[in-house]
Amino acid sequence: KAFHKPNGGLSDARNYGMKRASGKYICFVDSDDWLDLNYVEVMLDTLADTGADIAECDYVCTDGSETIPDNNPSAYDYEVYTGRECFLRFLTNHFFVSVCNKLYRKEILENQLFQKGVYHEDESWTYRIFSKAQKVCRLHYTGYFYFQRQGSIVHTKPSRKRITDAFSAGKERIDFIELHYPEYASIGYSKMMYTCMFLFNETRCSDIPRKTALQEELVSYFRIMLEKYLKGRQYQKEMWRFLFFRLLPNQYCKWNY
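The text that follows walks through the structure, step by step, so that each part is easy to find. For clarity, every value in this text was computed on a predicted model and none was experimentally measured. (Residues numbered from 1 in each chain as written. Predicted model: local features only at pLDDT ≥ 70, side-chain atom pairs only at ≥ 80, totals over all residues. Heavy atoms only, no water.)

One can describe the packing of helix α6 (residues 185–205) onto helix α7 (residues 211–232) by two numbers: an axis separation of 9 Å at closest approach and a directional angle of 160 degrees. On the basis of their axis angle, the class for α6 and α7 is roughly antiparallel. In this structure, the crossing between α6 and α7 has a hand that is left-handed. Of the residues in α7, those touching α6 at S186, Y189, S190, M192, M193, C196, M197, L199, F200, T203 and R204 are K211, L214, Q215, L218, V219, Y221, F222, M225, L226, K228, Y229 and G232. (Axes fitted to C-alpha atoms, helices over the stretch in contact; angles between N-to-C directions. Helix = DSSP H or I, 4+ residues; strand = E, 2+ residues; numbered from the N terminus. Parallel < 35°, antiparallel > 145°, perpendicular 65-115°, else oblique. Left-handed = near helix turned anticlockwise from the far one by under 90°. Contact = heavy atoms within 4.5 Å.)

This paragraph deals with a nonpolar patch on the surface. Together, Y25, V40 and L44 line one region of the surface with nonpolar side chains, adding up to about 230 Å² of accessible area. The partly exposed category is assigned to V40, whose relative accessible area is 44%. (Patch = residues over 30% accessible without salt bridge, like charges linked within 9 Å, V, L, I, M, F, W, Y side chains within 5 Å. Areas by Shrake-Rupley, 256 points an atom, 1.4 Å probe, with all protein chains shown as cover. Salt bridge = Lys/Arg side-chain N within 4 Å of Asp/Glu carboxyl O. Buried < 20%, exposed > 50% of the residue type's maximum accessible area, 1.4 Å probe, protein only.)

Evaluation of the coordinates by the stated rule reveals 31 aromatic pairs. Aromatic side chains F28 and W125 sit 5.8 Å apart centroid to centroid with 85 degrees between the ring planes, which places their arrangement in the edge-to-face category. Within this pair, whereas F28 is found in the loop between β1 (25–26) and β2 (34–35), its partner W125 is found in helix α4 (residues 121–132), the two being separated by 97 residues in sequence. Across the pair, exposure class does not vary: F28 and W125 are buried alike. (Phe/Tyr/Trp six-rings, centres within 6.5 Å; stacked < 30°, edge-to-face > 60°.)

What follows deals with the pairing of strand β5 (residues 102–105). Every regular strand shows the same layout, with side chains that alternate between the two sheet faces. Of the two faces of β5, both are covered, the one formed by K102 and Y104 as well as the one formed by L103 and R105. Where β1 and β5 come together, two bridges link them in antiparallel fashion. Counterpart to Y25 in the pairing with β5 is R105. When strand β3 (residues 54–62) meets β5, the two strands line up antiparallel, connected through three bridges. Of the residues in β5, the one forming a bridge with E56 is K102. (Pairing = 2+ DSSP bridges.)

Encoded structure:
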């Protein structure tokens, strides 16, 4: 079935489609991307074989000029993670934050709408869905092709809204982890510090007005995360980066980016 509606943005289109979906499974494909011809069959068979709630396949970032991988083996390797383990794997980047390259059982998406009018909507949505899954399957099969064109959202110059939306999404994720997965809080703090460092550098590369106040807000929250991270006493080799940025954020960004 095809549905037509006025343009309300990506999140609005996804919400519109989910409300009208009548099947047992849902997948998302962004407008510029494409799928392997066997994508749905392979992903659906994997969910049936494993009893998982989500199947995720490999993806390729492409401008359309690369050779397409040959996907014709008799079977694909996969791993299945259960409960809290799959959420840990999500936090440690074993799974891709995008809502695409995945097939979902529809029931775990009930009442899980995307926030409209924001950038980085995937980062505000995907981790909540992973927290609802009893099993997640990671499939070694290249089925999704993510087209990256110049001029797309990810390649445009940083704007205040892009930066503040990403910052807000990160803070919401920290609140969620502290409430539901306190044992993974140190990992969340580490990821959030890297987010603050990256966004601080984005402000340096932008021409947004009054950026100093935003930079101060990012550094202030970074220091809150660092204090919590230190209390967890789960220090990693990245610690010198955090201390460097805490003391000299501009110099750190000049050196690192």
